[in-house]
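Structural characterization, general
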Amino acid sequence: IAGPEEGIIAAALGMKERLEHRALLVQTELPVFFGIGAYDELIPKEAMLNLASLCQQAEICLLENSGHMAMQEEPVVLAKAVLKYLSNFKLL
């Protein structure tokens, strides 16, 4: 059974080896949702806003009281934003 150290190492390697997908952001005509924590120290909001600027349509939710874990820090605000984003699509 792996301990917490192995889990951290595996997560870091997974992020390091993750494929580049910026071309998808540029090419898609679908709106892309960005939930951005204003105080995110792992992925600064400026970096996320730069990614959003690549999109033809970006739906941005800036979470004013969140860091990297907005789903725990501002779950209601994030959930409302995701539901608003999803309302753009005709779901079965």
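Up top is the structure.
Residues numbered from 1 in each chain as written. Predicted model: local features only at pLDDT ≥ 70, side-chain atom pairs only at ≥ 80, totals over all residues. Heavy atoms only, no water.

A few words on the pairing of strand β1 (residues 32-37). Here six bridges tie β1 to strand β2 (residues 58-63), and the two strands are oriented parallel to one another. Note that in β2 the partner of G35 across the bridge is C61. Where the polypeptide runs from β1 across helix α3 (residues 45-54) and back to β2, its parallel neighbour, the crossover connection is right-handed. (Pairing = 2+ DSSP bridges. Helix = DSSP H or I, 4+ residues; strand = E, 2+ residues; numbered from the N terminus. Right-handed = clockwise from strand over helix to strand, strands pointing away.)

This part covers the environment of A38. Along the chain, the position of A38 falls in the loop between β1 and α3. Given the relative accessible area of 16%, A38 is considered buried. Residues A38 and L78, 40 residues apart in the sequence, show an inter-C-alpha distance of 13 Å. In contact with A38, other than residues within four places in its own chain, are K45, L62, L63, E64 and S66. (Buried < 20%, exposed > 50% of the residue type's maximum accessible area, 1.4 Å probe, protein only. Contact = heavy atoms within 4.5 Å.)

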